Structure formats: structure tokens, C-alpha cells
Amino acid sequence: MHIVSQILFLLLLGATAYIVSKRIRFISRAIKTGKPENRTDRPTERMNNMLLMAFGQKKMFDKPLIGFMHFIIYAGFLLVNIDVLEIIIDGIFGTHRVTAPFLGSFYGFMISFFEILAIGVIIVCVIFLWRRNVQKTARFQSAEMKQWPRLDANIILCAEILMMLAFFKMNASDNILQQRGVPGYHHTGSFLISGMLAPVYNMFSTPMLIFAERAAWWFHIIGVMAFSVYVTFSKHLHIVLAFPNSYYARLSPVGEVHNMPVITREVKMMLGLPVEEPIAGDLNAQAEAPTEPGRFGAKDINDLSWKNLMDAMACTECGRCTAQCPANLTGKKLSPRKIMMDTRDRMEEVGKSIDNGGPGLEDGKSLYGDYITKEELLACTTCNACTEACPVSINPLDIIVDLRRYMIMEETSAPASWNSMFSNTENNMAPWAFPPSDRANWVEKAEKQ
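Just so it is clear, the model here is predicted, and its values are computed rather than measured. (Residues numbered from 1 in each chain as written. Predicted model: local features only at pLDDT ≥ 70, side-chain atom pairs only at ≥ 80, totals over all residues. Heavy atoms only, no water.)

For the rest of this paragraph, the subject is the packing of aromatic side chains. Scanning the model with the defined rule gives 13 aromatic pairs in all. Through a chain of ring-to-ring contacts, the aromatic side chains of Phe9, Trp217 and Trp218 assemble into a single cluster. The ring of Phe140 is capped by Arg132, whose NZ or CZ atom sits 4.0 Å from the centre of that ring. (Phe/Tyr/Trp six-rings, centres within 6.5 Å; stacked < 30°, edge-to-face > 60°. Lys NZ or Arg CZ within 6 Å of the ring centre and 35° of its normal.)

Structure representation (C-alpha cells):
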């Protein structure tokens, strides 16, 4: 029976590893669809940023209570599943609690600590389910949060509750079997939370308890394997991508708009300003070296940078960006969260098309127009509230600006008032329709009054 169990476990583990690795290759290829961009400078500052934002969840604690609950569910789930390492070893070699004899009394303390965290995970998951489905928190009710996005969050929260309950059931059954001296069950002493369930489980026969313990063991490990696969298709991919995404986040001020090097060069030449030539061997200079642009701005995902695409894959769909967006708050259609979700959906569509031998990017669709509309782009005030609000250092504004740059420079599709402003800026060096020499005229009028 043990051999059959080991073979089944190894088959499941191998299938999980295969599916996850295949999905990782898909995501990596999708991100590499974007244009190259150098994000390797200032490594110490980047590492500090990653530790603060991804590991320390700094921005989550802007709202202390919500931040604390999110930290409990995040840290609790990760730490509890350290126990999965032992389960994997047991599954491969047919052992049971293989580390218990080596850790001695510390093993009981460790599992008891994990059980306390598991209780915290269950409580927080219930609260989050309440907020989403009963209280109906506003930022979870937006138009883009229908059907799959809403179901996705509920699936994960319910799955985490069930996995934690299985963890308690496994430990409680195991504890009674230890007390009864069943061979193969190492004596570890009772665990803090599951030990309270001992009177209930003591009523069952030994064969029934062995079945309950094994069933909970299998449920827990299959649940972890299923989660490992599911997370690569879900918004919960941010659990992994939050770390590289915050490491490669922009270090320059978020309000700084990056101009196209080729345009900057032309403007400098027109104004008679010195033009910097790239230095041989300088990666940053080479990355910024002006060349003939294939396109002004971005029409589709391949016109965005790889970091923009990583941003889309790392999006948590928490809605903090949209909740802070002044355009969205005034009823306009712009939602920074939707921008990121649309970009990710387009990446998925193109990637699946390529995998199936389809046209990929040449399918007659594009990110601008088919996913993100002109109305959404025009509503953006470029205030950077969305970027400041994101807990994993995503920058929706970069995508918005690039799409809007394409809309205006390639399609000449700017509103008439904007075209007037552009003309005035070009001719008068200001948005107003009068020369610089007349700008102080209002002072004389004010003095006369």
C-alpha cells in the first residue's frame, strides 16, 4: 500500500512540476514580448525597495487594520506551508513526520505555532469573504470585477480555509494515533489547537482515525499542488511576481514622464542644444540611444516595455489604484486596474494564439481600441495617484501615456482643445494663445483695478 501511495504521490508531483514549468515559460515569453529596458542600475536601492514593498508590504499598512490582516493571511499561509516540505519528503520516501525525531520537543512547538497562524488565516479569510460578498466594499464592485475576477478571489479564500481545516484534522487524528501507539506515528506530544479537538476524535476507532489522517494529509498536499498550478493562471501570481516587480520598479520620481529619445534628440538639434552621443560599452547609453522609431507610443503589447508587461502580470486586482484615481471618482470610465487587467488579457490572448499556431499579434486586434478605449485614455490626468497607491510598485501611468502617445502622434486623434494647446506650446512656449512678451499684461490690468 505504501508503494502505491508513493507512486501516486510522485505522479502527482511530476504532473504539477510539468504544468507549473510550462506555465512559467508561457509567462516569461509573454513578458519578453515587450521592448527591452535597462533596470539593473542601483542594485542596493532596488533590493531595499523589494524588501520594503514585497516582503514588508509597506504600502499595505497605509490602512493599518487591513494591512495587518493581509500580513496574517500572507505570512500565515506561507509559514504553515513550510510543513509541506516535510509532507513532500514523506510522500517521496513513504515516511511519516520525518523531521519529528530530529527536532524533538521543538517540533511540537513549531507545529503549534503554525496552528496559531492557521487560525489567523481562517479568521482573516472569513472577514475578506464578508467584505467582498456581504459588505460589498466599493472597490470590489467595479465593472471590471465581474464574473471571473470576482470568482477568482472567492475560490482562493475558500480554498485556504479548507486547507487550514484539513491541517487541523490531520494533526488531531495524528495526535490520537500517537497516544494509541499505532506503529509509524512518532510521538510528538499534542499540538496547541488541534489538541483541543482530541476529545472529539478519541471517540473514533483506530482504522477510522487512520483513514481521517490520511485523507486530510492527501487533501492538504493535493490542495497545495493544485494551488501551485492555479496561482499561475490567477491574479494571485502576485505572490511570486511582487518580488521581482518591486525590485525592477522605477527609481526615478514617479511624476517624471520618459520622452522618446529620438524625439528628444530632434528637438535638441532644432533648438541648437548639444546632443549627447552614446558611449561605447555603456548599457544605459545604448538602451537610450535614439534610433528610428518603429512607432510613436504603443498600440499593442509589443510596443510596451517588458516591465510594463510584468506590471500587468503582477497586478493584484486590489483596486487601490482605481479607488485613488480622481478621474474614476468623478464618474469617468478610466480605471487603472482595468488598464492592467486588459493588458494582461491581451498578453494571454496573444500567447495562447501562438501556442495554438495562430496569428499571435497579427490577429487584427490591438491593445488600443479593442481593449482600452480612447475615452479611458483621455480621462487620465497623469496625477500618479494610481502609482503611489499600488502596494507592489506597478505603474499604470506608463502604459496610459504610451497608448495616448500613439493615439495622438500616430492617429492624430487628440481633441480640438488639445490640438490648440499643442500648437500654442510649439509657437508660444506655453498653452496660451499669446506670446511670452504679453504674459505679464495681467499685472498691469490688476494694478489699474
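A word on a nonpolar patch on the surface. A contiguous nonpolar patch, built from Val200, Met203, Phe204, Met208 and Phe211 and spanning about 550 Å² of accessible area, is present on the exposed surface. Relative to the elements of secondary structure, Phe211 occurs in helix H9 (residues 206-230). (Patch = residues over 30% accessible without salt bridge, like charges linked within 9 Å, V, L, I, M, F, W, Y side chains within 5 Å. Areas by Shrake-Rupley, 256 points an atom, 1.4 Å probe, with all protein chains shown as cover. Salt bridge = Lys/Arg side-chain N within 4 Å of Asp/Glu carboxyl O. Helix = DSSP H or I, 4+ residues; strand = E, 2+ residues; numbered from the N terminus.)

We now examine the side chain of Ser246. Of note, Ser246 is situated in helix H10 (residues 238-247). Take Ser246: its relative accessible area is 0%, and that puts it in the buried class. At a separation of 2.8 Å, a polar atom in the side chain of Ser246 contacts the main-chain carbonyl oxygen of Ala242. Discounting chain neighbours no more than four positions away, the residues touching Ser246 are Asn49, Met50, Met53, Ala54, Val392 and Ser393. (Buried < 20%, exposed > 50% of the residue type's maximum accessible area, 1.4 Å probe, protein only. Polar contact = N/O pair within 3.5 Å; in protein donor to acceptor, adjacent residues only side chain to side chain. Contact = heavy atoms within 4.5 Å.)

This brings us to the side chain of Asn395. Position of Asn395 among the secondary structure elements: in the loop between helix H19 (385-389) and helix H20 (396-409). The class for Asn395 is buried, based on a relative accessible area of 7%. A polar side-chain atom of Asn395 sits 3.1 Å from a polar atom in the side chain of Thr387. Among all residues touching Asn395, those that are not within four sequence positions of it are Arg250, Asp311 and Thr387.

For the pair helix H7 (residues 148-179) and H9, the least separation of the axes is 8 Å and the interaxial angle reads 150°. The angle between H7 and H9 places the two elements in the roughly antiparallel class. H9 is crossed by H7, and the crossing has left-handed handedness. Its residues assigned to classes, the contact of H7 with H9 shows 19 nonpolar, four polar and four charged. (Axes fitted to C-alpha atoms, helices over the stretch in contact; angles between N-to-C directions. Parallel < 35°, antiparallel > 145°, perpendicular 65-115°, else oblique. Left-handed = near helix turned anticlockwise from the far one by under 90°. Nonpolar A, V, L, I, M, F, W, Y, C, P; charged D, E, K, R; others polar.)

Here we take up the nonpolar core. Membership of the largest hydrophobic core comes to 46 residues, with the highest contact counts inside it found for Met313, Leu334, Met347 and Leu403. With eight residues, the top contributor of residues to this core is H20. Discounting residues that sit within four places of it in the chain, Leu334 has contacts with Cys325, Ala327, Asn328, Ile339, Glu376, Ala379, Cys380 and Ile400. In this structure, Phe9, Ile72, Ile111 and Val231 belong to the second largest nonpolar core, which totals 42 residues. (Core = buried A, V, L, I, M, F, W, Y, C linked by side-chain atoms within 4.5 Å.)

The subject of this paragraph is the packing of helix H1 (residues 2-31) against H9. At a closest axis distance of 9 Å, the pairing of H1 and H9 adopts a crossing angle of 15°. One finds that H1 runs roughly parallel with respect to H9. The hand of the H1/H9 crossing is left-handed. Within the contact between the two elements, H1 uses Ser5, Leu8, Phe9, Leu12, Leu13, Thr16, Ile19 and Val20 and H9 uses Trp217, Trp218, Ile221, Ile222, Met225, Ser228 and Val229. Classifying every residue of the contact of H1 with H9 gives 12 nonpolar, three polar and no charged.

Let us look at the environment of Cys383. By the element assignment, Cys383 lies in the loop between helix H18 (374-379) and H19. As for Cys383 and Gly255, which are separated by 128 residues in sequence, their C-alpha atoms are 7.5 Å apart.

Next up on the list: unusual backbone geometry. Phi is positive for Glu317, which is not a glycine, with a value near 60°. Considering the arrangement of structural elements, one finds Glu317 in the loop between helix H13 (306-314) and helix H14 (320-324). Among the residues examined, Glu317 registers a relative accessible area of 4% and is labelled buried. Phi is positive for Thr382, close to 55°, though the residue is something other than glycine. Judged by its relative accessible area of 31%, Thr382 is partly exposed.

In this structure the tally under the stated criterion is 20 salt bridges. For Arg46, the salt bridge is made with Asp41, and the minimal N-O distance between the two is 2.7 Å. On the basis of relative accessibility, which here comes to 2%, the residue Arg46 falls in the buried class. The salt bridge partner of Arg295 is Asp303, with a shortest N-O separation of 2.7 Å. Within this structure, Asp300, Arg346, Glu349, Asp363 and Lys365 form a network of salt bridges that share partners.

What follows is about the environment of Gly351. With respect to the secondary-structure elements, Gly351 resides in helix H16 (residues 336-355). Through-space distance from the C-alpha of Gly351 to that of Ala30 is 6.3 Å; in sequence the pair is 321 residues apart.

Mean pLDDT for the protein: 88, with 95% of residues reaching 70 or above. In the model, residues 279-290 has pLDDT below 50 throughout and makes 13 contacts with residues more than four positions away in sequence or in other chains. (pLDDT = per-residue confidence, 0-100.)

Another point: the state of the cysteines. Evaluation of the coordinates by the stated rule reveals zero disulfides. Distance from the sulfur of Cys325, which forms no disulfide, to the nearest cysteine sulfur (Cys383) is 6.3 Å. Distance from the sulfur of Cys386, which forms no disulfide, to the nearest cysteine sulfur (Cys380) is 6.4 Å. (Disulfide = S-S within 2.5 Å.)

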